[in-house]
Amino acid sequence: MTFTLDDLATLIASRRNDSASTSYTKSLFDAGTPRIAKKLGEEAVETVIAAMEGDRKAIVSETADVLYHLLVLLEAQDIPLSEVVAELGRRTAQSGLAEKASRGAGE
Ligand SMILES: N=c1c2ncn([C@@H]3O[C@H](COP(=O)(O)OP(=O)(O)OP(=O)(O)O)[C@@H](O)[C@H]3O)c2ncn1[C@@H]1O[C@H](COP(=O)(O)O)[C@@H](O)[C@H]1O
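Conventions and cut-offs
The numbering scheme is per chain: residues are counted from 1 as the chain's sequence reads. Per-residue local features of the predicted model are confined to residues with pLDDT of at least 70, and side-chain atom pairs are confined, for both listing and counting, to 80 or more; whole-chain, interface and lining totals are unaffected and use all residues. Secondary structure counts use DSSP, requiring at least four H or I residues in a row for a helix and at least two E residues in a row for a strand, with both numbered from the N terminus. Throughout, radius of gyration means the C-alpha value; the globule benchmark is 2.2 Å times the number of residues raised to the power 0.38. Every angle, taken between N-to-C directions, lies between 0 and 180 degrees, and every axis is a line fitted to C-alpha atoms, over only the stretch in contact when it is a helix. Note on terminology: angles under 35 degrees are roughly parallel, angles over 145 are roughly antiparallel, angles of 65 to 115 are roughly perpendicular, and the others are oblique. Handedness of each helix crossing follows the sense of rotation of the near helix against the far helix: counterclockwise by less than a right angle gives left-handed, clockwise gives right-handed. Remark: residues whose backbone-derived C-beta atoms lie within 7 Å of one another are considered to be in contact. For the exposure call, what matters is how many other C-beta atoms sit within 10 Å of a residue's own: 20 or more marks it buried, 12 or fewer exposed, and in between partly exposed, using C-beta atoms placed from the backbone. Note on definitions: a residue is near a molecule or strand provided its C-beta atom, placed from the backbone, lies within 6 Å of it. The classification used treats Ala, Val, Leu, Ile, Met, Phe, Trp, Tyr, Cys and Pro as nonpolar, Asp, Glu, Lys and Arg as charged, and all other residues, Gly among them, as polar.

Trainee: Account for the overall build of the chain, naming residues and giving values.
Mentor: Within the chain, the secondary structure is distributed over six helices and zero strands. Taken from the N to the C terminus, the helices and strands of the chain come in the order α-α-α-α-α-α. Taking 2.2 N^0.38 as the reference for a compact globule, 107 residues should give roughly 13 Å; the C-alpha atoms of the chain span a radius of gyration of 16 Å, well beyond that estimate. Viewed in the frame of its principal axes, the chain has a C-alpha envelope of about 45 × 35 × 35 Å.

So this is what it looks like as structure tokens:
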């Protein structure tokens, strides 16, 4: 069976009230949103660097780190992944450029 982002989100949520000291996810929840957000930013920058260097293997690895930390951040904020996917679905009604224009100039 294929592993999905929903599966990872469920796994992450299950760690939230876990008492296991071996869980990295649990340590992030315990540290709080500022720490999680900082890690997400670091992983995003590492993804950008990998892309600038054209390092395909690193892009895949760093993107996985970004997606994992993003899902931890969403869980910490009590935002289900389905809400983000619904937002993406809503956007399919218009092109990206039309959506950008609807937000006004300068953004
Ligand atoms: N997908 C991931 C995943 N991706 C990245 N990471 C961790 O994210 C961290 C990345 O940070 P860095 O590269 O900066 O490494 P680091 O120096 O160890 O991190 P810090 O000390 O700075 O926090 C590493 O510790 C990775 O192990 C992840 N940790 C967990 N998962 C998933 O979450 C599940 C539950 O993990 P635990 O909560 O640890 O049981 C795992 O089975 C995986 O499926």
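Trainee: So what about the packing of helix α3 (residues 33-52) against helix α4 (residues 56-76)? Which residues, and what values?
Mentor: Here α3 crosses α4 at 160°, and the two axes come no closer than 8 Å. As judged from the angle between their axes, α3 and α4 are roughly antiparallel. Considering the relative orientation of α3 and α4, their crossing is left-handed. Across the interface between the two elements, Thr-33, Ile-36, Ala-37, Lys-39, Leu-40, Glu-43, Ala-44, Glu-46, Thr-47, Ala-50 and Ala-51 from α3 touch Ala-58, Ile-59, Glu-62, Thr-63, Asp-65, Val-66, His-69, Leu-70, Val-72, Leu-73 and Ala-76 from α4.

Trainee: Tell me about the environment of Ile-59, residues and numbers included.
Mentor: Within the secondary structure layout, Ile-59 lies in helix α4. By the C-beta count within 10 Å, which is 17 here, Ile-59 ends up partly exposed. For the pair Ile-59 and Val-48, spaced eleven residues apart in the sequence, the C-alpha separation amounts to 8.1 Å.

Trainee: Quick one: what's the story with the site of the ligand, residue by residue and with numbers?
Mentor: Near the ligand the following residues occur: Leu-11, Arg-15, Ser-23, Tyr-24, Thr-25, Lys-26, Lys-39, Ala-64, Asp-65 and Tyr-68. Counting residues per element, the ones that place at least two in the shell around the ligand are α1 (5-15), α2 (24-31) and α4. Across the shell around the ligand, the residue classes tally to four nonpolar, two polar and four charged.

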